[in-house]
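What follows is the residue order along each chain.
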Amino acid sequence: MSGAPPDGSRPGGASVLDDLRELGRRDPGDMLGEVAGAGGQARVALRAAQAAPLVGPLPEVVVVAGMGGSGIAGDVLAALAFGVSSVPVLAVKGDRLPAFVGPGTLLLAVSYSGNTAETLTAVEQGLAAGARLVAVTSGGALAELAQSRGAPLVAVEGGRMPRAALWSLVVPVCSAAEAVGVLPPLTDEVCAAADALDEEAAALGPAVETAANPAKQAALRLLDRLPVVWGSGPIGAVAASRFRTQCNENAKVSVVSGPLPEANHNDVMGLEGGLGPGRELVLLRDEVGEHDRDGRRIQAVLKAIGAGDPVVRTAGKGPGLARLARLTAFADFASTYLGIGRGVDPTPIRTLDQVKAALATESGAPR
Ligand code: PA5
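Residues numbered from 1 in each chain as written. Predicted model: local features only at pLDDT ≥ 70, side-chain atom pairs only at ≥ 80, totals over all residues. Heavy atoms only, no water.

Trainee: Please give an account of the overall build of the protein chain that cites residues and values.
Mentor: Helix and strand counts for the protein chain come out as 14 helices and nine strands. Residues classed as buried in the protein chain amount to 53% of the 367 residues present. Counted over contacts in the protein chain with a minimum sequence separation of 6, partners at least 24 positions apart contribute 78%. Accessible surface, the protein chain as shown: approximately 15,000 Å² in total, 54% of it carbon and sulfur. Across the protein chain, the mean location of the 32 positive side-chain charges is 2 Å away from that of the 38 negative side-chain charges. (Helix = DSSP H or I, 4+ residues; strand = E, 2+ residues; numbered from the N terminus. Buried < 20%, exposed > 50% of the residue type's maximum accessible area, 1.4 Å probe, protein only. Contact = heavy atoms within 4.5 Å. Areas by Shrake-Rupley, 256 points an atom, 1.4 Å probe, with all protein chains shown as cover. Lys, Arg positive; Asp, Glu negative; His and termini not counted. Charge placed at Lys NZ, Arg CZ, Asp CG, Glu CD.)

Trainee: Tell me about empty space enclosed by the protein, and please be specific about residues and values.
Mentor: Scanning all chains against the criterion turns up two cavities of 30 Å³ or more. What the largest cavity holds in volume is close to 120 Å³. For the largest cavity, the lining is made up of 16 residues, of which Glu-34, Val-35, Ala-38, Arg-242 and Asp-332 are closest to its centre. For the lining of the largest cavity, the secondary-structure elements that each account for two or more residues are α3 (31-36), α4 (38-51), α8 (166-179), α11 (233-251) and α13 (320-342). Of the residues forming the lining of the largest cavity, the biggest block, four residues, is contributed by α13. Grouping the amino acids of the lining of the largest cavity by side-chain chemistry returns nine nonpolar, three polar and four charged. By volume, the second largest cavity amounts to about 40 Å³. (1 Å grid on protein atoms, 1.4 Å probe; cavity = no way out; pocket = protein on both sides within 12 Å on 5 of 7 lines; lining within 4 Å. Points joined across faces, edges and corners; volume = space filled by probe spheres on them. Nonpolar A, V, L, I, M, F, W, Y, C, P; charged D, E, K, R; others polar.)

Trainee: Tell me what's going on with unusual backbone geometry, and back it up with residues and numbers.
Mentor: A cis geometry characterises the amide bond from Leu-260 onward to Pro-261, with omega recorded as 10 degrees. Despite not being glycine, Asp-224 has its phi angle at roughly 65 degrees, a positive value. Examined against the element boundaries, Asp-224 turns out to sit in the loop between α10 (214-222) and β6 (226-232). A positive phi is found at Lys-252, a non-glycine position, where the angle reads about 60 degrees. Within the secondary structure, Lys-252 is located in the loop between α11 and β7 (256-260). Residue classification places Lys-252 among the partly exposed residues on the basis of a relative accessible area of 34%.

Trainee: Account for the site of the ligand, naming residues and giving values.
Mentor: Around the ligand there are 14 residues in total, and Ser-70, Ser-111, Ser-113, Thr-116 and Glu-249 lie nearest to it. Tyr-112 places a polar main-chain atom, nitrogen or oxygen, 3.4 Å from an oxygen atom of the ligand. Structurally, the ligand is housed in the largest pocket. By residue number, the principal contributor to the shell around the ligand is helix α5 (residues 68-81), which donates three residues. (Near = heavy atom within 4 Å. Polar contact = N/O pair within 3.5 Å; in protein donor to acceptor, adjacent residues only side chain to side chain. Sits in = over half its atoms within 2 Å of the grid points.)

Trainee: Give a description of α5 that names residues and reports values.
Mentor: Across its 14 residues, α5 extends 20 Å between first and last C-alpha, which sits within 8% of the 20 Å expected from 1.5 Å per residue. Among all positions in α5, only Gly-69, Ser-70, Gly-71, Ile-72, Ala-73, Gly-74, Asp-75, Val-76, Leu-77, Ala-79, Leu-80 and Ala-81 are buried. (Expected span 1.5 Å × (residues − 1).)

All we've got here are geometric facts, nothing functional implied.
So this is what it looks like as structure tokens:
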């Protein structure tokens, strides 16, 4: 990444990102520590999922209901299922479920807090339609509802921000799909993902200086720019979305993101005059999941918009969850460094909290 500014003088420059005391001061909620612990989190989640009574018949369809930092677990499952599942897998983000939901549906409800209004409303609809419910949550109303209905519940560790609990949520959601035959046996894949997360933490963590740390370099390139993030293959597409939402919440910035090759058919027009000084392109490539022609497509679009030196991160080899782990670790570290570089505390999400509080007051519900 030759475009990384070796800029120690700017407020968010390398001097800040390489000063461990300053990092600690600017990250009082220890989001960097949370990101670094993702591998351990995945292993704990695997044990929790294995202890839950998830086995059941092959459903006609799997629907994953969840929002935000929880809902992305549905995107992950859909991406993993894409090449292997004989039944459709759909991630739903909102209050309503599709009309086809019925007794043949496996409804995976995922909410870290267990109190998200949209998810709870969707669950009520799914139960009324006769869907089989599995809940993944750290508690709240969702846990109570699952228990009262005798539905399987994977109780995940609480106390984190939902987006910092990605692997606590992804592993049980995927395990629930494995237990009904939608995904093949998963244990080795989760272990490979956990190892990949540990390796990425060692390569991208705070102790690794900017000169050798691609996540810090990416954060410096994104300072004061609009990130345009494209991901290839089903897994790269999920990672691009994660990069966007992590930049939104950890760095409090807007981001444009999209999947390739779809972005070649629309997004590219917004870059017709080139990236200019205000934008930076990030490519998250899962080459294993790409079509044979995607490499050429990517070269063609880079040439067309004159983007000679985008930020590029590749997912490497191995099973899907391990490849996803490498890309999400990059997204999680880079977005947290970006927040720290911008001088914002990565952890709190005040505006989001404010919106939820306003809606809870309006409805009188504690959601
Ligand atoms: O990242 C976040 O905090 C949000 O996107 C939440 O995940 C979202 O609001 C849903 O809440 P929960 O994950 O508790 O269901």
